[in-house]
Amino acid sequence: MTVSASLRRSPEVGTADRGRHATATLAATVLGFFVITLDATIVNVALPSIREALGGGLTGLQWVVDGYTLMFAALLLSAGALSDRIGARKAFAGGLVLFVLASLACGLAPSLPVLIAARVVQGIGAAVTMPTSMALVRHAFPDPARRARAVGVWAMGGAVAAATGPVLGGVLSLASWRMIFFINLPVGLLTLALLARSP
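Nothing here was measured: the structure is a model prediction, and the numbers come from that model.

Draft legend 1. Representation of the packing of helix 5 (residues 88–108) against helix 6 (residues 112–140) within the structure. In contact at an axis separation of 7 Å, helix 5 and helix 6 are set at 155 degrees when each is read in the N-to-C sense. It follows from the interaxial angle that helix 5 and helix 6 lie roughly antiparallel. At the point where helix 5 passes helix 6, the crossing takes the left-handed sense. Of the residues contributing to the contact of helix 5 with helix 6, the split by class is 17 nonpolar, seven polar and two charged.

Draft legend 2. Spotlight on the pattern of salt bridges. Following the criterion strictly, the structure yields one salt bridge and no others. As a salt-bridge pair, Asp39 and Arg119 come within 3.2 Å of each other at their nearest N and O atoms. Within this pair, whereas Asp39 is found in helix 2 (residues 11–41), its partner Arg119 is found in helix 6, the two being separated by 80 residues in sequence. Of the two residues, Asp39 and Arg119, both sit in the buried class.

Draft legend 3. Geometry of the nonpolar core. Val43, Ile50, Val64, Leu112 and Leu115 are the most contacted members of the largest nonpolar core, which totals 22 residues. For this core, the secondary-structure elements that each account for two or more residues are helix 2, helix 3 (47–54), helix 4 (58–86), helix 6, helix 7 (144–175) and helix 8 (179–182). At four residues, the largest contribution of residues to this core is made by helix 6. Residues contacting Val43, with those up to four places away along its chain left out, are Ile50, Val64, Val65, Arg119, Ile180 and Phe181. Within the second largest apolar cluster, 16 residues are counted, among which are Val30, Met130, Val137 and Ala140.

Draft legend 4. Representation of the confidence of the model for the chain in the model. Averaged over every residue, the pLDDT of the chain is 86; the share at 70 or more is 90%. Within the chain, the lowest mean pLDDT, 40, falls on helix 1 (residues 3–9), and the highest, 95, falls on helix 8. Per-residue pLDDT stays below 50 along residues 1–14; that stretch engages in three contacts with residues further than four places along the chain or on separate chains.

Draft legend 5. Broad picture of the packing of helix 6 against helix 7. Helix 7 packs onto helix 6 with a crossing angle of 150 degrees between their chain directions and a minimal axis gap of 9 Å. Viewed along their axes, helix 6 and helix 7 adopt a mutual orientation that is roughly antiparallel. Judged by the twist between their axes, the crossing of helix 6 over helix 7 is right-handed. Mapping the contact onto sequence places Met130, Ser133, Met134, Val137 and Arg138 in helix 6 and Arg147, Ala150, Val151 and Trp154 in helix 7. Its residues assigned to classes, the contact of helix 6 with helix 7 shows six nonpolar, one polar and two charged.

Conventions and cut-offs
- Residues numbered from 1 in each chain as written.
- Predicted model: local features only at pLDDT ≥ 70, side-chain atom pairs only at ≥ 80, totals over all residues.
- Heavy atoms only, no water.
- Axes fitted to C-alpha atoms, helices over the stretch in contact; angles between N-to-C directions.
- Helix = DSSP H or I, 4+ residues; strand = E, 2+ residues; numbered from the N terminus.
- Parallel < 35°, antiparallel > 145°, perpendicular 65-115°, else oblique.
- Left-handed = near helix turned anticlockwise from the far one by under 90°.
- Nonpolar A, V, L, I, M, F, W, Y, C, P; charged D, E, K, R; others polar.
- Salt bridge = Lys/Arg side-chain N within 4 Å of Asp/Glu carboxyl O.
- Buried < 20%, exposed > 50% of the residue type's maximum accessible area, 1.4 Å probe, protein only.
- Core = buried A, V, L, I, M, F, W, Y, C linked by side-chain atoms within 4.5 Å.
- Contact = heavy atoms within 4.5 Å.
- pLDDT = per-residue confidence, 0-100.

Here you go:
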């Protein structure tokens, strides 16, 4: 038996690989949860800039916010069922890709109706991503103690996003309101790259 084959069969090596995969999975789910929570709060401070650029009344601007949150809340339970049907990994990746593409559409929106429509699609992607991220954490950490710690880290990602969203939105809006949507692109791509490293 060669040295490399021996290492492949070593329990210690297998445990190390599983640990790295679990860490990559946790990082991907934390980033996914972070970015979808961020989008629920980051938009509010950019509404004056959006109105100046795209026009529209108070009702239209309200739908920029509510189009996302309503779709997210309405489809959350259905998205959990989708995860059970096709698998958490596929559902998470699909929801995140949809979210990122919708974020790009938001950032490029030429009018308020297009922005609202893109925000609705964002909410759909977020609704798929959120419950599947938790399912991935449960799968990656079968040990109850490690799973509890992982869930704590996952929840902290959402809490940080909720707290920093208005501040980050204000800073990005100084450059352009479109940046609050474009920032989702590199975060989403990094999340997908981390997901590819998980089992």
